[in-house]
Amino acid sequence: MPLDEGLALHQAAETAAALGHPLLEVGTYCGRSTLLLADAAREAGTTVVTVDHHRGSEEQQPGWEYHDTSLIDDSPGVGRMDTLPTFRRTLYRAGLEDYVVAVVGRSPQVAALWGTPLGLVFIDGGHTDEHATADYEGWAPHLARGGLLVVHDVFPDPADGGQAPYRVYLRALESGGFTEVSVTGSMRVLRRTGPAT
């Protein structure tokens, strides 16, 4: 995440944390964005919930552009991506463990069990239509009125990146339930003003 997008995420988190509800992130990876959210949560006295299966998204698998071999669990019989240990070290080193609840699981399954209003939903998980749509449909209904929906990797031009987050962003705007607050690079911040569909 470029610096300007990180600063935009932090600013959105500060604004949303003032509502007094938890902040939620879909797509933890190794925790860089979690730290930005957790810093804002600490200042406001609230919590960040971050949801990830920690097996890596599509583009992080072997043979893809963002594959990192150091994140492979080479235990006998495993041999799969596992970002959870790196994420835990990241939180520990930053001194932010007390402000983050890490949920290890698939976003739609966790969203189906969720019952607490959220001040912010940050969608930065899988970038296929299936995953991005499931993240939006699962979490947007839990966003409190006035809360912020933040979508990362929104690229209107297909030459710049995948289109699934862009389609989620358009869907949110077209629903009439969200108003755009800011655009920073590929980061879009929307405020919930009505029902999300």
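Above this text you will find the structure in question.
Cut-offs applied
Residues numbered from 1 in each chain as written. Predicted model: local features only at pLDDT ≥ 70, side-chain atom pairs only at ≥ 80, totals over all residues. Heavy atoms only, no water. Helix = DSSP H or I, 4+ residues; strand = E, 2+ residues; numbered from the N terminus. Buried < 20%, exposed > 50% of the residue type's maximum accessible area, 1.4 Å probe, protein only. Pairing = 2+ DSSP bridges. 1 Å grid on protein atoms, 1.4 Å probe; cavity = no way out; pocket = protein on both sides within 12 Å on 5 of 7 lines; lining within 4 Å. Points joined across faces, edges and corners; volume = space filled by probe spheres on them. Nonpolar A, V, L, I, M, F, W, Y, C, P; charged D, E, K, R; others polar. Axes fitted to C-alpha atoms, helices over the stretch in contact; angles between N-to-C directions. Salt bridge = Lys/Arg side-chain N within 4 Å of Asp/Glu carboxyl O.

**Concerning the overall build of the protein chain**
Across its full length, the protein chain holds six helices and nine strands. Per-residue burial for the protein chain yields a buried fraction of 46% across its 197 residues.

**Overview of the pairing of strand β2 (residues 48–52)**
In terms of burial, β2 is largely enclosed, as five of its five residues are buried. Burial of the side chains of β2 extends over both faces: V48, T50 and D52 are buried on one face and V49 and V51 on the other. Sheet topology places strand β1 (residues 23–26) next to β2; four bridges connect them, and they run parallel. Bridging across to β2, L24 finds its partner in V49.

**Section: unusual backbone geometry**
Even without being glycine, D153 reaches a positive phi, approximately 65 degrees. With respect to the secondary-structure elements, D153 resides in the loop between β7 (143–151) and α6 (164–174). Classification of D153 by relative accessible area gives buried; the value is 17%.

**As for empty space enclosed by the protein**
Overall, the coordinates contain one cavity of 30 Å³ or more when judged by the stated rule. Computed from the structure, the largest cavity encloses a volume of approximately 40 Å³. Around the largest cavity, the lining residues are I123, D124, G125, G126, H127, A132, V151, H152, P165 and V168. Looking at side-chain class alone, the lining of the largest cavity contains five nonpolar, four polar and one charged residues.

**Here we look at the sheet that holds strand β9 (residues 187–192)**
If you trace the seven strands from one edge of the open sheet to the other, you get β5-β2-β1-β6-β7-β9-β8, paired in mixed fashion. Edge strands, defined here as strands with exactly one partner in the open sheet, are β5 (100–104) and β8 (178–184). Each adjacent strand pair in this sheet contributes to an overall mean axis angle of 15 degrees, direction not counted.

**Comments concerning the pattern of salt bridges**
Applying the stated criterion across every chain yields a total of four salt bridges. The partner of R42 in a salt bridge is D39, with the nearest N and O atoms 2.4 Å apart. With R42 and D39 both in helix α2 (residues 32–44) and three residues apart, this pair spans about one turn of that helix. Under the relative-accessibility criterion, R42 is labelled partly exposed at 33%. On the accessibility criterion, D39 (24% relative accessible area) is partly exposed. Taking the shortest distance from any N to any O, the salt bridge between R167 and D129 comes out at 2.9 Å. One end of the pair, R167, is in helix α6; the other, D129, is in helix α5 (residues 129–139), and 38 residues separate them in sequence. Taking relative accessible area as the criterion, D129 reaches 37% and is therefore assigned partly exposed.

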